Every structure is written in C-alpha cells, then in structure tokens.
Amino acid sequence: MSVFIDEVAQSVPCGLFIDGKWITETSSRMEVINPATEEVITRVPNCSAQHARSALDACDRGVQQWLAKTPRERSEVLRAVFDAMQDEKETIARLITLEEGKTFKESAGEVDYASEFFRWYGEESLRLGGELRPSPNGKHMIVVGHQPVGSSLLITPWNFPAAMITRKIAPAIAAGCGVVVKPPAETPLTSMYLAALMQRCGVPDGLVNVLTTNDPGMLTDVLVKDERLRKISFTGSTNVGKLLLATASTRVLNTSMELGGNAPLIVCDDADMDTAVEGAFVAKMRNAGESCIAANRLYVHDAIYDEFCDRLVARFEQLKVGNGLDPDVDVGSIISRKELEKLEAIVGEAVEDGATIATGGMSLHDKGFFFAPTVLKDVAQGAKILDREVFGPIAPLVRFNDVDEVIRQANDTPYGLAAYVFSGDVGKAMKIAERLNAGIVGVNRGFVSDPAAPFGGMKESGIGREGAQDGIKEFLETQYIATSW
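Along each chain, residues carry numbers from 1 onward, in the same order as the chain's sequence is written. At least 70 in pLDDT is required for a residue's local features to be given in this predicted model, at least 80 for side-chain atom pairs to be given and counted, and no such filter applies to totals for whole chains, interfaces and linings, which use all residues. By convention in this description, side-chain values take in all heavy atoms of the structure and omit both hydrogens and water.

## Re the overall build of the protein chain
Thinking step 1. Under the scheme used here, helices are H or I runs from DSSP no shorter than 4 residues and strands are E runs no shorter than 2 residues, and both carry numbers assigned from the N terminus. If you tally the helices and strands in the protein chain, you get 14 helices and 24 strands.
Thinking step 2. It is over C-alpha atoms that the radius of gyration is taken, and the globule rule equals 2.2 Å times the number of residues to the power 0.38. For 485 residues, the compact-globule estimate of 2.2 N^0.38 gives 23 Å, and the C-alpha radius of gyration of the protein chain, at 23 Å, lies within 12% of that figure.
Thinking step 3. Expressed along its principal axes, the backbone C-alpha trace of the protein chain runs to roughly 65 × 65 × 40 Å.
Thinking step 4. Partly exposed describes any residue whose relative accessible area lies between the buried limit of under 20% and the exposed limit of over 50%, with all areas from a 1.4 Å probe on protein chains only and scaled to the type maximum. Split into buried and exposed, the 485 residues of the protein chain put 58% on the buried side.
Thinking step 5. The contact criterion used throughout is that any non-hydrogen atoms of two residues lie within 4.5 Å. A separation threshold of at least 6 residues defines the contact pool for the protein chain, and within that pool the share at least 24 residues apart is 72%.

Okay, here's the thing in structure tokens:
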C-alpha cells in the first residue's frame, strides 16, 4: 500500500480497493493535482477490465456476509462510520481541500454533511417496511416487500469528494447492495480514505470497492455487459448522463441520475435586503460556485436592482481568494486549468452580449487555478450566459418587473434541479416556488442541502432522488406476493 505526501496528517491508501485489499501494481497511473499549487499530490492506478470483473466478484461475496448480519448489526456499522468520520473530520477535510481546492472550513462542513448520510441511513434501514392488506374482493391478502436491487455502479463528480460518495454508498449498503465506486479522476483520494475507514468500522470486504481510471468508458462498458450489475447511480453532467442512460438501456438497468442545473434565483421587490444578499451570496459562492445547485441566473426586481447589485458587489469584494488551507482565505481554487479557461471565456462572451463587469471577471495569482468572485450587471434576457451551467464564482444579474414573466424566464431551460426565491411575504414566495420547474426550491435561504430531504431534479436535471427515504428506495426493488389466504 503506497501513501502520498506528508501534508495529510494520516497516511492515506492509494490504490484500487477490491475485496478489502489494496492493489497498487497496475500497467499505468494518473496524476492527482493540487489545484491551489499545480503540484502533483500523487499518482493513482488505472484499473483494467479484469479489475472491474473482480470487483463484481467481490460484491457477490461481500453482500452474503453483509446480509448474514441482523438489521440492527448493519445499522450499528453504519453508525460507526458516521462516528469515525466525525472523529477524523480534520484529516478528511484537509484531504478534500488538497485535492479539490475548497477552503478548509467548507471541507469540514462537507464532512459533517457527508457523514450524516451514514447516520441517517443506518436509522432508515431499520424502518424498511412492507404492506399486508386485504384485496378489494376480500378473498386474499396482498403482501408487498422489498429486495436489494443488486450490485451497483456508483459514479461521482469531483466537486464534493466526500458527500457525493456517501450520498450513494450509505443508502446502497443500507438497502443490502454491493457497490463498485468510480470516483472522479480529479479527486479520487477522499474516496480511498473513506473506503479504508469503512473497512475499519466493520463494513465487510467486497461490499464496497473503489476503482480509479482515466478511461471511464472502458470501465462502464465492462460492467454493463456483466449480468451481475443491476444498477447505475450517476452524478455529473447531463450530456454524460444521457450517454449512460443509452448504455444502461441495452440491459434495462435500474438508473438514478443527478445531472446538471441552471438554477434561477428570484429577488422580489419586497424582499428583506440583508436576507436576499446573504442568501444569494451563499447560493452562488458555496464551493466557489462549483455546485450543480449554485444560483446561475439572478433575477432582481427593477425597484431594488441597483441597491442589490451594489451590496452584492461589496460582499464579493470583501472575499480573499487563495489556497484553501490558509485560514484567512474565503474562496478556494477552481478545480483545473480547463475549468478556469472556461470561466474566462464565459465572462468575455457575456461582455460581448452587453453585460458590464461590476467586479471581478479575471483569473488571479500566478500559481494555481483562481478566479475572482464576479458580478455581471445589465445582463439581458437572451444572453448566452443564462443558458449554461457556469460552475464558477460568476453572478449574472437580470432585471425584471413582472412576476409572471420572471417565472416564465426561470422555467425557460431544459434543466430543473434547484431554484431560489426571496420575498418578504412568505406566502407569495411559496406560490412562486410552486410554479417553478425545479426539484429543490429555497425560500429565503441560500443553503438547501439536507440528508433528510429528497435531492434531485426535474426535466433534464435527472431521474430519481437522493437523501431522505427516497434515497434508499432507489436501491430497492418492490415485490408483490399473491397469497392463497
């Protein structure tokens, strides 16, 4: 088992994790870069087709051991994982910051959020019930139960290296499924650490397997062709989600898709200005804007537009951008040079479409991938920036006067993941929220994620839900038994 640089307080395994063993000898490896320094943290193995098949072999063995335990025993293992993540929060948070770039404070918050899925689904696993009821004609009893869907491929993005993993693993194993995790090439180390942590907490060997690769198409193809794989759960872009759905359709695989977003944020003329500015700041700047539920389009009523713009600009200009391990830094790095260049192009395109840069609009620092928190004002409806998922610290402000029209504009997108509404009249805000085509709506708040709440989108933003009771149901099949009594 190899380990990487001394920056992390505790040695972290760095290999393929299959059947409880670490495999480091592979034909090729890929670099993991610290986006704040552009330094190579370590090199992780690329898996082969045989590794993929071995992982499914391991799932079969791990599930047998896992289901031999009582529901209470399985629940206690999940609770132990929660406790261990809390005990090791500082180490995990430092690791997240090293490979993803967000501030240490944000990373610690992510560990709190990520660990909670193990506590929540440890409890939910004890409440899985069925139905027993008479048929309408009174002649028979209808029995409804649930079975694990089976071995599952979990594919996660780079922006929340811990939370995106745990939001899938916890409900999957709580439901009784073995999993093969394909973490992102940019941030694979947190998943490796968590795999080792789960093993220490009593998760059976083979139940959770982690495969890293720079050829996800190969891995997916091998696993989908194997009859033992029964589910794909994916978080990432809509375009990749569509490709996976097409692949999954060849075997009619069960799928869950949490895909892209283009969240509107509506600030009504009666909104409390302090609440609206702070809520917009949180909805936009969490994780430097690299979030699928980040506010992408900020619609502000004309009567308060100028004041809102000035105050948001002032809030953005207070922020210090730099290495997330620096305790004085407010905004960390962007994940890669490629994503940084995309942000530069998006701002340039917005200016060509008539927008004015109120603050920011440029890359920062000689080393690392940093972008200044940016406010664009005078953005016209129809500007190209309003049609794309920005995935960065750029806030385009659009004026509106008519509520019905702004709702139409907010819904004028193929996406439907998140939305936000700010109004001093909660009843008015709720009525607007109910008219928005979004799976998640924040009313007078910019932070909406909660393990106890269903997370997912409408339209091209996905299929299914994660979190809440819905999350574990994604890994269960319903079975009806027709009885003779």
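## Considerations on helix 7 (residues 216-225)
Thinking step 1. If you check which residues of helix 7 are buried, you get L219, T220, V222, L223 and V224.
Thinking step 2. On its buried face, helix 7 sits against helix 1 (49-67), strand 7 (151-155), strand 8 (179-182), strand 10 (229-235) and helix 8 (238-249).

## A look at the environment of A248
Thinking step 1. Mapped onto the fold, A248 is located in helix 8.
Thinking step 2. On a C-alpha basis, the gap between A248 and I232 in space is 7.7 Å, while along the polypeptide they are 16 residues apart.
Thinking step 3. Once you skip the residues sitting within four places of it in the chain, A248 turns out to touch I232, L253 and T255.

## Let's talk about the packing of helix 1 against helix 7
Thinking step 1. Interhelical geometry of helix 1 versus helix 7 gives an angle of 45 degrees and a closest axis separation of 9 Å. Viewed along their axes, helix 1 and helix 7 adopt a mutual orientation that is oblique. At the point where helix 1 passes helix 7, the crossing takes the right-handed sense. From helix 1, A49, A52, R53 and L56 reach across to helix 7, where they touch M218, L219, V222 and L223.
Thinking step 2. Taken together, the residues of the contact of helix 1 with helix 7 break down into seven nonpolar, no polar and one charged. The angle between two axes is taken between their N-to-C directions and runs from 0 to 180 degrees, where each axis is a line fitted to C-alpha atoms and a helix contributes only its stretch in contact. Angle categories are assigned with fixed cut-offs, so that under 35 degrees is roughly parallel, over 145 is roughly antiparallel, 65 to 115 is roughly perpendicular, and the rest are oblique. Crossing handedness: left-handed means the near helix sits turned counterclockwise from the far one by under a right angle, and right-handed means the same turn made clockwise. Each residue gets one of three labels, nonpolar for Ala, Val, Leu, Ile, Met, Phe, Trp, Tyr, Cys and Pro, charged for Asp, Glu, Lys and Arg, and polar for the others, Gly among them.

## Describing the packing of helix 4 (residues 104-124) against helix 5 (residues 163-175)
The relative placement of two packed helices comes down to the angle between their axes together with the axis-to-axis distance.
Thinking step 1. Between helix 4 and helix 5, the least distance of the axes is 8 Å, while the angle of their chain directions is 5 degrees. One element, helix 4, and the other, helix 5, form an angle in the roughly parallel class. Only A163, T166, R167, I169, A170, P171, I173 and A174 of helix 5 make contact with helix 4, whose side of the interface consists of E110, Y113, A114, F117, F118 and Y121.
Thinking step 2. Counted by class, the contact of helix 4 with helix 5 contains 11 nonpolar, one polar and two charged residues.

## Thoughts on the pattern of salt bridges
Thinking step 1. Salt bridges are defined by distance alone: a side-chain nitrogen of Lys or Arg within 4 Å of a carboxyl oxygen of Asp or Glu. According to the stated counting rule, one finds 33 salt bridges in the structure shown.
Thinking step 2. When the shortest N-O distance is used, the salt bridge between K89 and D112 registers 2.9 Å. Here K89 is found in helix 3 (residues 89-100), whereas its partner D112 is found in helix 4, with 23 residues between them in sequence.
Thinking step 3. Judged by relative accessible area, which is 23%, K89 ranks as partly exposed.
Thinking step 4. Relative accessible area serves as the criterion here: at 31%, D112 is assigned to the partly exposed category.
Thinking step 5. When the shortest N-O distance is used, the salt bridge between D274 and R311 registers 2.1 Å.

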